[in-house]
Amino acid sequence: MAAGAPFRVALTFDAEHPDRPGRAGNDERLLDVLAAAGVRATFFVQGRWAEAYPSTARRIATDGHLVGSHTFYHARLPLFSAEGLATDLRDAEVAIVEHVGVDPRPWIRAPFGAGANDAELLASLGALGYRHVGWNVYCDDWHPDHTAAIVAERVVSGSVACGDGSVALMHTWPDSTQEAIPDIVRRLTDAGATFVTIADLPDPESGIPDDDDE
Ligand SMILES: [Zn+2]
């Protein structure tokens, strides 16, 4: 892609109970840096997390970000029965509507991306009113050895390589993520990117790369 050619990038964040202990307040700091940068992003909110952190969950919507579902229990969706899947998604909806204040439908991201490339699961999600959002740029910000510099480099180089319609997967809780945002926004803006939500893309990426399972 020619340097400086305009392209749209959707920064997406899974808001969920952390995989490992981190500094308290990272979710709020992430919202602070996005607000300071003037960037609207997309947040996939775990229902159980919204119940635990209702004021942070509410702020995601009041700050103007787009909200989707990240399910209630954060289980691997292919493990559910049809009835279990419907129950988990409805439980998430109830929690997100109550604590975030918006209906997450139609947007959903499967925990771990499990089932994201499975047509049958995507059809089941569709029957429940959901459209799956995967990613085509990832930085493994959850990895304990991934510093903010590594996260920024991966998101920037991945988005530049992917071009228009880049969907970058990040999480709200790692120390490195919120530290990396100012650098990501500055470098991608310089490269010609505009930041959009999933709803602004005509055909947002539904699957995930074959070599990435989280
Ligand atoms: Zn997750």
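Residues numbered from 1 in each chain as written. Predicted model: local features only at pLDDT ≥ 70, side-chain atom pairs only at ≥ 80, totals over all residues. Heavy atoms only, no water.

A. Representation of the pairing of strand β7 (residues 166–171) in the model. Taking burial as the measure, the six residues of β7 include six buried ones, the bulk of the element. Residues S166, A168 and M170 line one face of β7 and the alternating positions V167, L169 and H171 line the opposite face, and both faces are buried. Looking at chain direction, strand β1 (residues 7–15) and β7 are connected through six bridges and run parallel. Residue pairing for β7: D14 is matched across the bridge by H171. Looking at chain direction, strand β6 (residues 137–138) and β7 are connected through two bridges and run parallel. What sits directly across from V137, in β7, is A168. Handedness of the β-α-β unit built from β6, helix α6 (residues 148–162) and β7 comes out right-handed. (Buried < 20%, exposed > 50% of the residue type's maximum accessible area, 1.4 Å probe, protein only. Helix = DSSP H or I, 4+ residues; strand = E, 2+ residues; numbered from the N terminus. Pairing = 2+ DSSP bridges. Right-handed = clockwise from strand over helix to strand, strands pointing away.)

B. Representation of the coordination of the zinc ion within the structure. Summarising the metal site, the zinc ion is bound by the protein donors E16 (OE), H70 (NE2) and H74 (NE2), whose distances to it range over 2.0 Å. Within one chain, the residues serving as donors to the zinc ion are arranged as E-x53-H-x3-H. You can see E16 sitting in the loop between β1 and α1 (26–37) and its partner H74 sitting in the loop between β3 (66–69) and α4 (82–99), a full 58 residues away along the chain. Exposure remark for H74: the relative accessible area of 13% places this residue in the buried category. (Donors = N, O, S within 2.8 Å, 3.2 Å for Na, K, Ca; no water.)

C. Representation of the pairing of β1 within the structure. With eight of its nine residues buried, β1 lies for the most part within the structure. Relative to strand β8 (residues 193–196), β1 runs parallel, the two being bridged by four bridges. Counted as the bridge partner of A10 is V196 from β8. Judged from the four bridges that link them, β1 and strand β2 (residues 42–45) form a sheet pairing that is parallel. In the strand pairing of β2, T12 is matched with T42.

D. Up close: the side chain of E16. Buried charged residue E16 carries no salt bridge. Nearest counter-charge: R109, at 8.3 Å. Only 2.9 Å separates the side chain of E16 from the side chain of H70, close enough to count as a polar contact. Polar side-chain contacts of E16 include one of 3.1 Å to the side chain of W173. Discounting chain neighbours no more than four positions away, the residues touching E16 are Q46, W49, H70, H74, H171, T172 and W173. (Lys, Arg positive; Asp, Glu negative; His and termini not counted. Salt bridge = Lys/Arg side-chain N within 4 Å of Asp/Glu carboxyl O. Polar contact = N/O pair within 3.5 Å; in protein donor to acceptor, adjacent residues only side chain to side chain. Contact = heavy atoms within 4.5 Å.)

E. The environment of R8, seen in detail. Position of R8 relative to the elements: it lies in strand β1. Placed 82 residues apart in sequence, R8 and R90 show a C-alpha to C-alpha distance of 32 Å. Ignoring sequence-local partners within four residues, the contact set of R8 consists of G163, D164, G165, S166, T194, V196, D200, L201 and P202.

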